[in-house]
Amino acid sequence: MRIRTLLAAGWLAVSTVCPVPALAQDYPYRPVRIIAPNPPGGGFDLVARVVAQKLTEQLGQQVVVENRTGAGTLIGTEVAAKSTPDGYTLLVGSLSNLAANPGLYKKLPYNPLADFVPVGMIVSYSYALVSRKDLPQQSLREIIEFARANPGKLTYASGGIGTGQHVASAVLAQLTGVQMVHVPYRGAQAAHLDLLSGRVDLFFDNAVTAKPYVDDGRIRAHAVSSAQRFPGLPGVPTVNETGVAKMEMDAWFGLYARSGTPGPVLKRLRAEMETLIRAADVVARFEKGGGRIMRMSVAESEAYTKSEITKWSTLIRQAGIQAD
């Protein structure tokens, strides 16, 4: 009896100093946060909130969105990269913060491949190259031919240096060997205002954002960046279809966890994401906004993330784009 008492006392002492970690089946036993490294209202935030709402239902535990903004997407992504790898801090990863930033910045405060592992890919969106409505050139081929014959005469807008809009236009210019003048704005709304008033010639914006302006004739669409045509603008060809360059670019989003997250926790999260991405209400929400659902296995998600990082960091450097 005395031995049992001593053993119990010893176990209590050890567990007080070194608390026993919760079993995998207990995950999550407290709220989970999803970091969106951009302000509310943008693509990161939209994706994070749709996922957080559905995961809250599935996990039976509160999943909250935390907008950690600043320095583009650097601050929020760094916070996630330095968080405890326990499955309680997740990140919305995208073309911007995981694939483009390694090419845009000489030194990143995180390593996209070493610091993160995919939980699951979610959705992707097309970019659409649009122009002021009175631009004389009618097609992308005509635009490129004019730009080649008149270096520096055409201007293109973006929502800021290093944004997807900037990268899309600069890479297209580099691939086609033309020179155009970049006009950065503080956000897409300001860029659209100047495009609508004719003060800037071109803008490679998110196709969903551009569609209403195209539909009412205030601007014209010439091509989309994705491999397939954008359903919202079915008459607009892809860049590949125009023959001016081979270019495929999607604004994609996925959910990522810290490297080192325990296997059972990661397995649970991946299973929940598999269920989430097939849920009718989630699919309808994203497709209504012009998104394409990305259904990939873990291996495919890992390969896709790696290939996008390699592809865009290389193209961005070749185009001479720098954000710092």
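Residues numbered from 1 in each chain as written. Predicted model: local features only at pLDDT ≥ 70, side-chain atom pairs only at ≥ 80, totals over all residues. Heavy atoms only, no water.

Would you take a moment to explain the confidence of the model for the protein for this structure?
Note: predicted coordinates in regions of low pLDDT should not be interpreted at a detailed level. In the predicted model, the protein carries a mean pLDDT of 88, and 92% of its residues have values of at least 70. Scored below 50 in pLDDT, residues 1-23 shows two contacts in the model against residues more than four places distant or in partner chains. (pLDDT = per-residue confidence, 0-100. Contact = heavy atoms within 4.5 Å.)

Sorry if this is basic, but what is going on with the layout of surface pockets here?
If you roll a probe as big as a water molecule over the atoms, it shows you where there is empty space left. Counted as a void, the largest pocket has a volume near 1100 Å³. Forming the walls of the largest pocket are 43 residues, and the residues nearest its centre are Asn 38, Gly 42, Gly 43, Phe 44 and Gln 165. Tallied by class, the residues present in the lining of the largest pocket amount to 20 nonpolar, 21 polar and two charged. (1 Å grid on protein atoms, 1.4 Å probe; cavity = no way out; pocket = protein on both sides within 12 Å on 5 of 7 lines; lining within 4 Å. Points joined across faces, edges and corners; volume = space filled by probe spheres on them. Nonpolar A, V, L, I, M, F, W, Y, C, P; charged D, E, K, R; others polar.)

So what exactly am I meant to see when it comes to the pattern of salt bridges here?
In the structure shown here, the tally under the stated rule is 16 salt bridges. Note that Asp 134 and Arg 132 form a salt bridge whose closest N and O atoms lie 2.9 Å from each other. Here the residues in one salt-bridge network are Arg 33, Glu 66 and Arg 68, joined through shared partners. (Salt bridge = Lys/Arg side-chain N within 4 Å of Asp/Glu carboxyl O.)

Just to check I follow, could you spell out helix α2 (residues 43-59) for this structure?
Because each turn of an α-helix spans 3.6 residues, side chains separated by three or four positions end up pointing in the same direction. With 17 residues, α2 should reach 24 Å at 1.5 Å per residue; the first-to-last C-alpha distance of 24 Å fits that figure. Where α2 terminates, the next one or two residues include Gly 60, which has phi positive at roughly 70 degrees. (Helix = DSSP H or I, 4+ residues; strand = E, 2+ residues; numbered from the N terminus. Expected span 1.5 Å × (residues − 1).)

Help me understand the environment of Val 181, please; the structure alone is not making it clear to me.
Within the secondary structure, Val 181 is located in strand β6 (residues 181-184). Looking at Val 181, the relative accessible area reads 36%, which means it is partly exposed. Ignoring sequence-local partners within four residues, the contact set of Val 181 consists of Gly 152, Leu 154, Thr 155 and Tyr 156. (Buried < 20%, exposed > 50% of the residue type's maximum accessible area, 1.4 Å probe, protein only.)

What's the story with the pairing of strand β4 (residues 116-132) in this structure? I'm lost.
Successive side chains on a regular strand alternate, one facing one side of the sheet and the next facing the other. Most of β4 is tucked away, with 17 of its 17 residues classed as buried. When β4 meets strand β10 (residues 292-293), the two strands line up antiparallel, connected through two bridges. Within the sheet, the bridge partner assigned to Val 123 lies in β10 and is Ile 293. Here β4 pairs with strand β7 (residues 202-206) via five bridges, running antiparallel. Across the sheet, the residue bridging to Val 130 is Phe 203, located in β7. Direction of pairing for β4 relative to strand β8 (residues 219-224): antiparallel, over a ladder of five bridges. Across the sheet, Leu 129 pairs through a bridge with Ala 223, a residue of β8. (Pairing = 2+ DSSP bridges.)

What should I look at first to understand unusual backbone geometry in this one?
Phi is mostly negative for residues that are not glycine, and the peptide bonds are mostly trans. In this structure, the amide linkage connecting Tyr 27 to the following residue, Pro 28, adopts the cis form with an omega of -5 degrees. Summarising the element assignment, Pro 28 is placed in the loop between α1 (2-17) and β1 (32-36).

I tried to follow the packing of aromatic side chains on my own but got confused; where do I start?
How two aromatic rings sit relative to each other is set out by the distance from centre to centre and by the angle between their planes. Scanning the model with the defined rule gives six aromatic pairs in all. Summarising the aromatic geometry, the rings of Phe 44 and Phe 253 are spaced 5.4 Å apart at their centres and angled 85 degrees between planes, so their arrangement reads as edge-to-face. Taken as a pair, Phe 44 in helix α2 and Phe 253 in strand β9 (residues 250-258) lie far apart in primary sequence, 209 residues in all. Across this residue pair, the class does not change: Phe 44 and Phe 253 are buried. Note on Tyr 125 and Phe 253: the rings are 6.3 Å apart at their centroids and 75 degrees apart in plane angle, and the pair reads as edge-to-face. With Tyr 125 in strand β4 and Phe 253 in strand β9, this residue pair connects regions lying 128 residues apart in the sequence. Residue Tyr 125 is classed as buried on the basis of its relative accessible area of 6%. (Phe/Tyr/Trp six-rings, centres within 6.5 Å; stacked < 30°, edge-to-face > 60°.)

Would you mind showing me how to read the side chain of Ser 169 here?
Relative to the helices and strands, Ser 169 is located in helix α7 (residues 164-176). Assessed through its relative accessible area of 3%, Ser 169 is described here as buried. Separated by 3.3 Å, the side chain of Ser 169 and the backbone oxygen of Gln 165 make a polar contact. In this structure Ser 169 touches Tyr 156, Met 180 and Phe 204, once residues within four positions along its chain are discounted. (Polar contact = N/O pair within 3.5 Å; in protein donor to acceptor, adjacent residues only side chain to side chain.)

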